[in-house]
Amino acid sequence: MILVVLEHDGQRLRKSALEAIGRARQLEALGPLAGVVIGENTQAVAQEASQYLPTVYVAEVGGYTAEKWAEAAYAAVQKSGAQVVIASGGRQGRTWTARLAYRMKAGLLEDTLETRAEGNHIVATRYSFLNRVTERQRAALPVVLTAKPNTTPPAEPQGSGGVEVLNVALPTGVEVLERLSEQKKGVSLTEATIVVTGGRGLGSPEAFAKVEELASVLGAAVGATRAVVDAGWRPYSEQVGQTGKTVQPNAYIALAVSGAVQHQAGMNKSKYIVAVNKDAEAPIFKIADYGIVGDVHQVLPALIEAAKKLKD
Ligand SMILES: Cc1cc2nc3c(=O)[nH]c(=O)nc-3n(C[C@H](O)[C@H](O)[C@H](O)COP(=O)(O)OP(=O)(O)OC[C@H]3O[C@@H](n4cnc5c(N)ncnc54)[C@H](O)[C@@H]3O)c2cc1C
């Protein structure tokens, strides 16, 4: 049995959950699939999940803590007899999967790019050593693995399954007394269908006002290169690339981005890549579907105008 721990926003499954199901389907040789929805008021999400998986467990444990998630996932493992657990390798997945692996006495394959079944083993590839190398790992079952977001196509619905409620004994360790979350602006970077990324060639943090304007007209998320993040112009949460986020939108618009290999590692699977750069030899043009050689400060306002007209 393969158990997928499904991320959601309280109302719907997240894209990362559909990707994790996609990953599980690639490993179907290892057994049938089940999912678990953990959180509060999870019934609607569980119903949605049942369109993708034959069995969906529900664990009502309230708000997030790593201990509760590990405990609930472990209850689902015991109930289902799962030998493989798949979760998303986002920030949340990273916090509780090690606890679960310890409880299951399982191998932990983290942040995997690809996985395949080989007898009673799973072989995975992932970045290692500060993402400087790609390595292949093998672990014997039982295995807990996390899938790096945006590395697997999201699964499509497939029939309808049943929902089963789990009883989870809540751990008494850490209690969250208060939670203040960052005010989210706009579209989530990893789930966006269009991403507009600004590079160091924009010249200043103020120039990002125009990047934000284009993103807002297009309903896109804003991304940044590491050079921009290191300069303190934009938050780390917006960094795209090998040491940032991996994105796979329908359209990726790179503005004054050179297109270093480490940046490409996070965006080169985008469906269409559009690049604006004043240097015709910039590496980004090698992977771009559409390129404009020019000064970003002239091209960007024109793009905004064109996007507004299109929208009207
Ligand atoms: C281990 C490691 C991990 C890394 N991880 C990442 C990562 O996750 N993400 C990432 O992005 N980078 C990463 N990097 C850094 C990467 O190597 C590059 O240094 C970085 O991507 C460059 O950012 P940039 O394109 O914004 O800046 P630059 O390389 O400085 O490029 C700026 C570009 O803007 C153009 N330009 C300048 N002025 C204008 C103008 N007026 N109009 C139009 N174009 C203009 C220039 O021609 C140039 O091509 C990593 C590096 C290492 C060693």
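That block above? That's the structure.
Throughout what follows, the structure given in this document is the object of discussion. Source: prediction; values computed, not measured. (Residues numbered from 1 in each chain as written. Predicted model: local features only at pLDDT ≥ 70, side-chain atom pairs only at ≥ 80, totals over all residues. Heavy atoms only, no water.)

Quick notes on unusual backbone geometry
Reasoning step 1: Here L141 and P142 are connected by a cis peptide whose omega angle stands at 0°.
Reasoning step 2: Its identity as a non-glycine residue notwithstanding, N41 has a phi of 50°, on the positive side.
Reasoning step 3: Along the chain, N41 turns up in the loop between β2 (33-39) and α2 (43-49).
Reasoning step 4: With phi around 65°, N150 is a residue other than glycine that occupies positive phi space.
Reasoning step 5: With respect to the helices and strands, N150 occurs in the loop between β9 (143-147) and β10 (162-165). (Helix = DSSP H or I, 4+ residues; strand = E, 2+ residues; numbered from the N terminus.)

Side note on the site of the ligand
Reasoning step 1: With respect to spatial proximity, 25 residues lie near the ligand, and among them R200, T225, T243, S258 and N277 are the closest.
Reasoning step 2: Within the backbone of V240, one N or O atom sits 2.8 Å away from a nitrogen atom of the ligand.
Reasoning step 3: In this structure, a nitrogen atom belonging to the ligand sits 3.0 Å away from a side-chain N or O atom of D295.
Reasoning step 4: Protein burial of the ligand: of its 990 Å² of free accessible surface, 79% is covered by the chains.
Reasoning step 5: Listed by contribution, the elements that provide at least two residues to the shell around the ligand are α6 (226-230), α7 (261-264) and α9 (296-311).
Reasoning step 6: The residue makeup of the shell around the ligand, split by class, is six nonpolar, 14 polar and five charged. (Near = heavy atom within 4 Å. Polar contact = N/O pair within 3.5 Å; in protein donor to acceptor, adjacent residues only side chain to side chain. Areas by Shrake-Rupley, 256 points an atom, 1.4 Å probe, with all protein chains shown as cover. Nonpolar A, V, L, I, M, F, W, Y, C, P; charged D, E, K, R; others polar.)

Focus: α9
Reasoning step 1: When the terminal C-alpha atoms of α9 are compared, their 22 Å separation across 16 residues agrees well with the 22 Å that a helix rising 1.5 Å per residue should span.
Reasoning step 2: The set of residues buried in α9 consists of V296, V299, L300, I304 and A307. Along the axis of α9, the buried residues cluster in a sector spanning 140°; they form a single face. More than 90 degrees from the buried face of α9, the exposed residues found are Q298 and K309.
Reasoning step 3: Elements in contact with the buried residues of α9: α5 (208-218), β13 (251-255), β14 (272-277) and β15 (290-293).
Reasoning step 4: Structurally, the start of α9 carries an N-cap: the backbone nitrogen of H297 is 2.9 Å from a side-chain oxygen of D295. (Expected span 1.5 Å × (residues − 1). Buried < 20%, exposed > 50% of the residue type's maximum accessible area, 1.4 Å probe, protein only. Arc of directions from axis to C-beta. Contact = heavy atoms within 4.5 Å.)

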